[in-house]
Amino acid sequence: GAARPSRGSGFTRARVRNRGMVRSMTWTRWLWWCGFVVVALLPGIALAQERPARAAEAEALADEYEAVAADGERALRRGELTAAAAHFDELLEMLAEDGEDITGVGDLAARARLGLLELDLRRGRYEVVRDGLAGGPAELRERRPARLLHAAALRRLGAHAAAIEL
């Protein structure tokens, strides 16, 4: 009979042609995918680099607040009333400038407000202390230093029974 072309040779040639096309399609798709990934991830990478900078800035700011509060408390313990008042006022101004809530009971704002009230107590302004704590937020009045300060002001005003109830 007549010689038939072997199936293997035709199949192999078509397969080789298709493999080249598959390779070129795969290469093109791979390039498009890589381009998409790069374009999609670049903004995320830029934001990820900004986050640590913002966190470091916020941490430095918190350290600065803490240092001013500690300086005010240290001056108060030493009896340097003018310096303590300046530190507490500075802390409240810094918090207000940075948009922090100074009327609430945040730790730093509360420490500054209690420090100023203790200064008023030492200067003999007992009514100011009593009214300041009575009119303040309940969360602030519940803190132990605030209760002790309020009781001291009430005792000095002669309201011993009210001071005992605190």
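For the structure itself, consult the block above.
All of these numbers come straight from a predicted model, not from anything done at the bench.

About the thresholds
- Residues numbered from 1 in each chain as written.
- Predicted model: local features only at pLDDT ≥ 70, side-chain atom pairs only at ≥ 80, totals over all residues.
- Heavy atoms only, no water.
- Helix = DSSP H or I, 4+ residues; strand = E, 2+ residues; numbered from the N terminus.
- Contact = heavy atoms within 4.5 Å.
- Areas by Shrake-Rupley, 256 points an atom, 1.4 Å probe, with all protein chains shown as cover.
- Salt bridge = Lys/Arg side-chain N within 4 Å of Asp/Glu carboxyl O.
- Buried < 20%, exposed > 50% of the residue type's maximum accessible area, 1.4 Å probe, protein only.
- Expected span 1.5 Å × (residues − 1).
- Axes fitted to C-alpha atoms, helices over the stretch in contact; angles between N-to-C directions.
- Parallel < 35°, antiparallel > 145°, perpendicular 65-115°, else oblique.
- Left-handed = near helix turned anticlockwise from the far one by under 90°.

Enquirer: In this structure, what is going on with the overall build of the chain? I would like to understand it.
Expert: Along its length, the chain carries seven helices and zero strands. When its helices and strands are written in sequence order, the chain yields α-α-α-α-α-α-α. Long-range pairs, those at least 24 residues apart, make up 52% of the contacts in the chain between residues at least 6 apart in sequence. Accessible surface computed for the chain: about 11,600 Å², of which carbon and sulfur atoms make up 58%.

Enquirer: Would you mind showing me how to read the pattern of salt bridges here?
Expert: Opposite charge on two side chains permits pairing when their charged atoms draw close. Under the definition given, this model contains eight salt bridges. One salt bridge connects Asp 107 with Arg 143, and the closest N-O pair in it is separated by 3.7 Å. One end of the pair, Asp 107, is in helix α3 (residues 107–122); the other, Arg 143, is in the loop between α5 (138–141) and α6 (144–156), with 36 residues separating them in the sequence. Residue classification places Arg 143 among the partly exposed positions, given a relative accessible area of 26%.

Enquirer: Just to check I follow, could you spell out α3 for this structure?
Expert: Since the α-helix turns once every 3.6 residues, residues separated by three or four places project in the same direction. In this model, α3 (16 residues) spans 22 Å end to end at C-alpha, consistent with the 22 Å of a helix rising 1.5 Å per residue. Buried within α3 we find Leu 108, Ala 109, Ala 110, Arg 111, Ala 112, Leu 114, Gly 115, Leu 117, Leu 119, Asp 120 and Leu 121. Note on α3: the residue one or two positions beyond its end, Gly 124, has a positive phi of about 85°.

Enquirer: Got a minute to help me understand the packing of helix α2 (residues 81–97) against α3 in this structure?
Expert: In a pair of packed helices, the angle between the axes and the distance between the axes together describe the arrangement. Running from N to C, α2 and α3 cross one another at 150°; their axes reach a closest spacing of 9 Å. As far as their axial angle goes, α3 and α2 are roughly antiparallel. Crossing hand, α2 versus α3: left-handed. Residue-level inspection shows Leu 81, Ala 84, Ala 85, Phe 88, Asp 89, Leu 91, Leu 92 and Leu 95 of α2 in contact with α3, the latter providing Leu 108, Ala 109, Arg 111, Ala 112, Arg 113, Gly 115, Leu 116, Leu 119 and Arg 122.

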